[in-house]
Amino acid sequence: MLKGMTRLIFRVHKLDPGNFLHIGTQVPQSLAAHLDNQVSIESLKAISRTSENDPAKHEEQHEGQHYSLPLQDMKTIFPHGLPPRFVMQVKTFNEACLMVRKPALELLHHLKNTNFAHPAIRYVLYGEKGTGKTLSLCHIIHFCAKQDWLILHIPDAHLWVKNCRDLLQSTYNKQRFDQPLEASVWLKNFKTANERFLSQIKIQEKYVWNKRESTEKGSPLGEIVEQGMTRVRNATDAVGIVLKELKRQSSLGIFHLLVAVDGVNALWGRTTLKREDKSPVAPEELALIYNLRKMVKNDWEGFDALDPFIPILVSNYNPKEFESCMQYYLENNWLQHEKAHTEEGKKELLFLSNANPGQLERLCAYL
């Protein structure tokens, strides 16, 4: 039987943008150069990579090294949530690699030593823009998925408060607004990542959609998800039901649940949405945000006995991480400038990027 309690992890936005070698048969020196290059590549791999691809086995000795994320896991665990530039890099390199970093190791240590008889704990990844909060969060999601946790992942809470295409008055509460398109997209991705759970978890009450349609108590949770996907008008309500059922049942220890919200501070910020009279819509007036706020509220059973959250700082690269990242880019021929291999070139990139992972990636993309 699936057992466990919930762990809540949030990522806060900022505290505040192919090479080839030709070998000819007539020049033996070219072959020697090629062999030297192969030795160099293997040496770089030893620096930048670890062969341990199971996130449950990642320890301090793996810090700063990249591990391979199976492409199949990319489809099932991360149907959404990976940064667009990382996805582009995966297509270019034809592989997905995440760096094992200290913040993720710290959080993994907490999760591995969790006492599931105790109430839920919240963790907050925070740091400046571009330091790698999202990819650290993805490392944790990968771990939890491999440990057979149910993953409730909100890949960017800002998308629910900015530039939504359709905003409809809620049929459940006239004081709130539904976002059917955003809700239906989320349900589709939630199903992809958690399909094995949707037949196991049974809803604990009856839900009436209209005069002719309802979902009976004891039905699989998957029927709620399908209702929201096939009848988009009901998608927002379906998300609210999914969140409510998961929060209620995880507190009973029926399964392990990870609630991972990227950009959680958007839940309390301003929206860009307007009513027909051009007046602004407050975040709590959006049904999706209202329900997500309830999901992260510290009213889980026994929760008030603990501190609100454990903060984990995600900083710029340390020297070991910077060197590993550079070697990884060199290994994949991402850096083609003649000085990229030199200490002088590395120092210049270090100065220009200030060891910020996001800035370094953007600089290297043009070299």
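Right, let's walk through the structure included here. Predicted model, so just to flag it, every value in this text is computed and none were measured. (Residues numbered from 1 in each chain as written. Predicted model: local features only at pLDDT ≥ 70, side-chain atom pairs only at ≥ 80, totals over all residues. Heavy atoms only, no water.)

Attention shifts here to the overall build of the protein chain. Counting secondary structure elements, the protein chain contains twelve helices and eleven strands. Every one of the 367 residues in the protein chain was classed for burial, and the buried ones make up 48%. Accessible surface computed for the protein chain: about 18800 Å², of which carbon and sulfur atoms make up 53%. (Helix = DSSP H or I, 4+ residues; strand = E, 2+ residues; numbered from the N terminus. Buried < 20%, exposed > 50% of the residue type's maximum accessible area, 1.4 Å probe, protein only. Areas by Shrake-Rupley, 256 points an atom, 1.4 Å probe, with all protein chains shown as cover.)

Right, let's get into the nonpolar core. Counting 43 residues, the largest nonpolar core has Trp186, Ile224, Val242 and Leu246 as the members making the most contacts within it. Mapped by element, the contributors of at least two residues to this core are β5 (150-154), α6 (180-198), α7 (221-230), α8 (235-250), β10 (254-262) and α9 (287-296). The element that contributes the greatest number of residues to this core is α8, accounting for seven residues. In this structure, isoleucine 224 is in contact with Ile203, Tyr207, Trp209, Thr215, Ala238, Ile241 and Val242, ignoring residues within four places of it in sequence. (Core = buried A, V, L, I, M, F, W, Y, C linked by side-chain atoms within 4.5 Å. Contact = heavy atoms within 4.5 Å.)

On to the packing of aromatic side chains, then. A complete count under the given rule lists four aromatic pairs for this structure. Considering the side-chain rings of phenylalanine 93 and tryptophan 334, the 5.3 Å spacing of their centres and the 85° angle between planes classify their relative orientation as edge-to-face. Here phenylalanine 93, found in helix α3 (residues 84-93), pairs with tryptophan 334, found in the loop between α10 (319-331) and α11 (343-353); they are 241 residues apart in sequence, far enough to count as distant. There is no split in this pair, since phenylalanine 93 and tryptophan 334 are both buried. With a centroid separation of 5.0 Å and an interplanar angle of 20°, the aromatic rings of tryptophan 186 and phenylalanine 190 are classed as stacked. One end of the pair is tryptophan 186 and the other is phenylalanine 190, both in helix α6 and four residues apart, which spans about a single turn. The two residues tryptophan 186 and phenylalanine 190 agree in class, both being buried. (Phe/Tyr/Trp six-rings, centres within 6.5 Å; stacked < 30°, edge-to-face > 60°.)

So, on to the packing of helix α4 (residues 102-112) against helix α5 (residues 133-146). It is the contact of α4 with α5, at a shortest axis distance of 9 Å, that shows an interaxial angle of 30°. Relative to α5, the element α4 lies roughly parallel. Helix-helix and strand crossings are classified by hand; for α4 and α5 the assignment is right-handed. The residues of α5 that touch α4, namely those facing Ala104, Leu107, Leu108, Leu111 and Lys112, are Ser136, His139, Ile140, Phe143 and Cys144. Taken together, the residues of the contact of α4 with α5 break down into seven nonpolar, two polar and one charged. (Axes fitted to C-alpha atoms, helices over the stretch in contact; angles between N-to-C directions. Parallel < 35°, antiparallel > 145°, perpendicular 65-115°, else oblique. Left-handed = near helix turned anticlockwise from the far one by under 90°. Nonpolar A, V, L, I, M, F, W, Y, C, P; charged D, E, K, R; others polar.)

Further remarks concern the pairing of β10. Of all nine residues that make up β10, eight are buried, and the element is covered over most of its length. Where β5 and β10 come together, five bridges link them in parallel fashion. Paired with leucine 150 across the strands is leucine 257, a residue of β10. (Pairing = 2+ DSSP bridges.)

Moving on, we come to the side chain of glutamate 321. Along the chain, the position of glutamate 321 falls in helix α10. Not counting residues within four places of it along the chain, the set of residues in contact with glutamate 321 comprises Glu63, Gly64, Met99, Arg101, Lys102 and Asn316.

Counted according to the given criterion, the structure contains 18 salt bridges. Two residues, glutamate 321 and arginine 101, come together in a salt bridge whose shortest N-O distance is 3.2 Å. With a gap of 220 residues between them, glutamate 321 in helix α10 and arginine 101 in the loop between β3 (97-99) and α4 connect regions that are remote in the sequence. Looking at glutamate 321, the relative accessible area reads 2%, which means it is buried. (Salt bridge = Lys/Arg side-chain N within 4 Å of Asp/Glu carboxyl O.)

Direction vectors running N to C along α11 and helix α12 (residues 357-364) enclose 125°, while the axes themselves pass 9 Å from each other. Classified by the interaxial angle, the pair formed by α11 and α12 is oblique. As for how α11 packs across α12, the hand of that crossing is right-handed. Residues Leu349, Leu352 and Ser353 of α11 pack against Gln359, Leu360, Leu363 and Cys364 of α12. For the contact of α11 with α12, the class distribution of residues is five nonpolar, two polar and no charged.

Moving on, we come to unusual backbone geometry. Residues other than glycine seldom take positive phi values, yet asparagine 354 does so here, at roughly 55°. Summarising the element assignment, asparagine 354 is placed in the loop between α11 and α12. According to the relative accessible area criterion, asparagine 354 is exposed, its value standing at 56%. Positive phi, normally seen in glycine, also occurs at alanine 355, with a value near 65°. Inspection of the secondary structure puts alanine 355 in the loop between α11 and α12.

With respect to the helices and strands, glutamine 179 occurs in the loop between β7 (177-178) and α6. With sequence-adjacent residues up to four places away left out, glutamine 179 is seen in contact with Trp160, Cys164, Asp166, Leu167, Thr236, Leu273, Leu286 and Leu288. Separated by 2.7 Å, the side chain of glutamine 179 and the backbone oxygen of tryptophan 160 make a polar contact. (Polar contact = N/O pair within 3.5 Å; in protein donor to acceptor, adjacent residues only side chain to side chain.)

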